[in-house]
Amino acid sequence: MSNQLQLAVHGAAGRMGQRVVALAAEDSDIEIVAAIEHSENRLLGNDAGLIAGISALDISLTDAWPNYAAVVIDFSLPVAADGCIANCVAAKIPLVMATTGLTEIQKQSLEEASKSIPIVFAPSMSMAVNLTMKLTQQITETLKGVPGGLDIEILERHHRFKADAPSGTAIKFGELIAEKMDGDVKHVHGREGETGQRTRGEIGYHAIRVGDNPGEHTIVFGMMGERIEMNVAASNRDCYASGAIVAAKWLQDKPAGLYNMFDVLGL
Ligand SMILES: NC(=O)C1=CN([C@@H]2O[C@H](COP(=O)(O)OP(=O)(O)OC[C@H]3O[C@@H](n4cnc5c(N)ncnc54)[C@H](OP(=O)(O)O)[C@@H]3O)[C@@H](O)[C@H]2O)C=CC1
Ligand SMILES: O=C(O)C1=N[C@H](C(=O)O)C[C@H](O)C1
């Protein structure tokens, strides 16, 4: 009996799924047991390794769910999330849910599912992004009472193919920062027209879509007379793919529950 982690990848032919397949194939602690896509995917039946740009793995891209994986990593689309959650619960397979743009109802169903299986759910699997989240909370806590006031704005840049805005990561930055601010926080998405002066207690969000940018977030802490900008930028997608693999390994022996990347990374 092998000690390797038996991994299934959902959304395996997508930009992120391909990088998870490629990195997992290089990892001697992992055996890829399934590469899953939806039934309309044009690459069904092709070898998952060849799709990912590496050598053949002898794993065909399939729309059938396995019943024997140790962990599923999901990088797909919100429309696919319900099926993914239901299949993982039915087969009792732990899930790393990395897809962003889920509805509130889908987030509730993840919470429900986490009563029977362990789930890591995070909008960014990157260690650098998660560390930056902690640092921005610390900055907010320290500066929130600064004379003249503190203005916080979140800029995110992503590739032109991204389907959701603002990014799940930008929303999470805003939620975490809001936890450290005093009073009610208003989340303002973009500005246009006669906006009037900026009010206290706002967090502004700005989504930029350009070329092939794999993801960049800048948190601006503006004060009267000076500012801090925290920037975290991916050069390629491997920071997310390798983070998801770390999460999958961490998750395999955990009890049912809803976890995030702070739990995985011990932050
Ligand atoms: N948490 C994190 O660290 C990160 C999260 N993400 C998120 O991951 C998700 C995927 O990103 P990315 O790889 O760039 O997107 P892609 O569009 O490249 O990949 C999505 C994949 O899911 C497939 N898919 C579409 N519909 C279904 C369905 N109904 N059932 C199963 N599969 C389906 C797509 O197939 P087809 O092409 O045929 O439509 C495609 O292969 C996004 O939500 C993104 O925001 C991205 C990077 C990091
Ligand atoms: O779609 C992407 O590419 C990314 N999506 C995630 C998000 O919405 O936060 C994470 C990362 O920034 C890349």
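Residues numbered from 1 in each chain as written. Chains lettered and ligands numbered in written order. Predicted model: local features only at pLDDT ≥ 70, side-chain atom pairs only at ≥ 80, totals over all residues. Heavy atoms only, no water.

### Remarks on the UniProt feature "binding site: (S)-2,3,4,5-tetrahydrodipicolinate" (unreviewed entry) in the chain
This is how it is decided: UniProt positions are given in the numbering used here, feature names are shortened, and annotations may be inferred rather than shown by experiment. Only protein atoms enter the 1 Å grid, on which a cavity is a set of points fitting a 1.4 Å probe that cannot get out and a pocket is an open set with protein on both sides within 12 Å along at least 5 of 7 lines, lining residues being those with an atom within 4 Å of a point. Helix numbering and strand numbering both begin at the N terminus, where a helix is a DSSP run of H or I of at least 4 residues and a strand a DSSP run of E of at least 2. Should any heavy atoms of two residues lie within 4.5 Å, those residues are counted as being in contact. Whether a residue is buried, partly exposed or exposed follows from its accessible area with a 1.4 Å probe, protein chains only, as a fraction of its type maximum: under 20%, in between, or over 50%, in that order.
When the UniProt feature table is mapped to this numbering, "binding site: (S)-2,3,4,5-tetrahydrodipicolinate" (unreviewed entry) covers H159, G168 and T169. As for the lining of the largest pocket, the annotated residues named previously contribute H159, G168 and T169. In this structure, H159 sits in the loop between strand 7 (151–158) and helix 6 (168–180). Setting aside residues up to four positions removed in sequence, H159 forms contacts with R15, R209, V210, G211, D212, N213 and R237. Tracing the backbone shows G168 in helix 6. Residue classification places G168 among the buried positions, given a relative accessible area of 14%. When sequence neighbours within four positions are dropped, the list of residues in contact with G168 reads T100 and P123.

### Things to note about the packing of aromatic side chains
Two measures describe an aromatic ring pair: the distance that separates the ring centres and the angle between the ring planes. Heads up, the rule is: Two aromatic rings from Phe, Tyr or Trp, using only the six-membered ring of Trp, form a pair when their centres are within 6.5 Å; if the ring planes differ by under 30 degrees the pair is stacked, by over 60 it is edge-to-face, and anything between is tilted. As a reminder, the over-ring test applies to NZ of lysine and CZ of arginine, requiring each to be within 6 Å of the ring centre and within 35 degrees of the ring normal.
What the rule picks out here adds up to one aromatic pair. Seen from their ring centres, W250 and Y259 are 5.1 Å apart, and the 85° between their planes marks the pair as edge-to-face. If you follow K134 out to its NZ or CZ, it ends over the ring of F262, 4.3 Å from the centre. Above the face of the W250 ring, K254 is positioned so that its terminal group lies 4.4 Å from the ring centre.

### Some points on the domain arrangement of the chain
Heads up, the rule is: An automatic or database domain assignment provides the domain bounds reported here. Using a 1.4 Å probe, buried area is obtained as the accessible area two parts lose upon being combined, added over both of them. Salt bridge, as applied in this entry: a Lys or Arg side-chain nitrogen positioned within 4 Å of an Asp or Glu carboxyl oxygen. Side-chain classes are defined by residue name, with Ala, Val, Leu, Ile, Met, Phe, Trp, Tyr, Cys and Pro counting as nonpolar, Asp, Glu, Lys and Arg as charged, and the others, Gly among them, as polar.
Examined at the domain level, the chain breaks down into domain 1 (5–125 + 237–265) and domain 2 (127–233). Taken residue by residue, the interface counts eleven residues in domain 1 and 15 residues in domain 2. Here domain 1 packs against domain 2, burying approximately 1,200 Å² in sum over the two surfaces, 59% of which is carbon and sulfur. Together, P123, R237 and F262 form the three largest contributors to the area buried by domain 1 at its contact with domain 2, with a combined 42%. Counting across the domain 1 and domain 2 interface gives zero salt bridges. Taken together, the residues that form the side of domain 1 that touches domain 2 break down as six nonpolar, three polar and two charged.

### As for the site of ligand 2
Operational definition: A cutoff of 4 Å decides nearness: a residue is near a molecule or strand if any of its heavy atoms lies inside that distance of it. Throughout this description, a polar contact denotes any pair of N or O atoms lying within 3.5 Å of each other; where both atoms belong to protein, one of them has to be capable of donating a hydrogen while the other can accept it, and for residues adjacent in sequence the pair is counted only when both atoms sit in side chains. Where accessible areas are quoted, they stem from the Shrake-Rupley method and a 1.4 Å probe; at the residue level, only the protein chains shown are allowed to cover. A molecule is said to be in a cavity or pocket once over half of its atoms fall within 2 Å of that pocket's grid points.
With respect to spatial proximity, the complete set of residues near ligand 2 consists of T100, P123, H158, H159, K162, D164, S167, G168, T169, P214, H217 and Y240. Contact distances for ligand 2 include 2.6 Å between an oxygen atom and a side-chain N or O atom of H158. Between ligand 2 and the protein, one listed contact pairs an oxygen atom with a backbone N or O atom of G168 at 2.9 Å. Across the complex, the protein chains shield 87% of the 330 Å² of accessible surface that ligand 2 would expose by itself. The cavity where ligand 2 resides is the largest pocket. The residues that make up the shell around ligand 2 include at least three from each of domain 1 (5–125 + 237–265) and domain 2 (127–233).

### Observations concerning the UniProt feature "active site" (unreviewed entry) in the chain
The UniProt record annotates "active site" (unreviewed entry) at H158 and K162. Among the annotated residues just listed, those that line the largest pocket are H158 and K162. Within the secondary structure, H158 sits in strand 7. Those residues in contact with H158, other than ones at most four positions away along the chain, are S167, I208, R209, V210, N213, P214, G215, E216 and H217. Of the polar contacts made by the side chain of H158, one reaches the side chain of E156; its length is 2.7 Å. Tracing the backbone through its elements, the reader meets K162 in the loop between strand 7 and helix 6. When its relative accessible area of 19% is taken as the criterion, K162 is described as buried. Discounting chain neighbours no more than four positions away, the residues touching K162 are T100, S167 and R209.

### Details of the pattern of salt bridges
In the structure shown here, the tally under the stated rule is 16 salt bridges. A salt bridge links K115 to E112, with the nearest nitrogen and oxygen atoms 3.0 Å apart. The class of K115 is exposed, set by a relative accessible area of 63%. For K162, the salt bridge identified is with D164, shortest N-O distance 2.8 Å. What makes D164 buried here is its relative accessible area of 17%.

### Examining the layout of surface pockets
Definition in use: Grid points are joined across faces, edges and corners, and a volume is the space filled by probe spheres set on the points.
By volume, the largest pocket is sized at about 1,000 Å³. Among the secondary structure elements, those contributing two or more residues to the lining of the largest pocket are helix 1 (15–25), helix 3 (78–91) and helix 6. For the lining of the largest pocket, the element with the highest residue contribution is helix 1, accounting for four residues. The residue makeup of the lining of the largest pocket, split by class, is 19 nonpolar, 18 polar and seven charged. When residues of the lining of the largest pocket are assigned to domains, at least three map to each of domain 1 (5–125 + 237–265) and domain 2 (127–233). Within this model, the second largest pocket holds a volume of roughly 610 Å³. Along its surface, the second largest pocket is lined by 27 residues, and K107, F121, P123, K172 and E175 are the ones closest to its centre. A per-class count over the lining of the second largest pocket returns 14 nonpolar, seven polar and six charged. Shared between two domains, the lining of the second largest pocket takes at least three residues from each, and those domains are domain 1 (5–125 + 237–265) and domain 2 (127–233).

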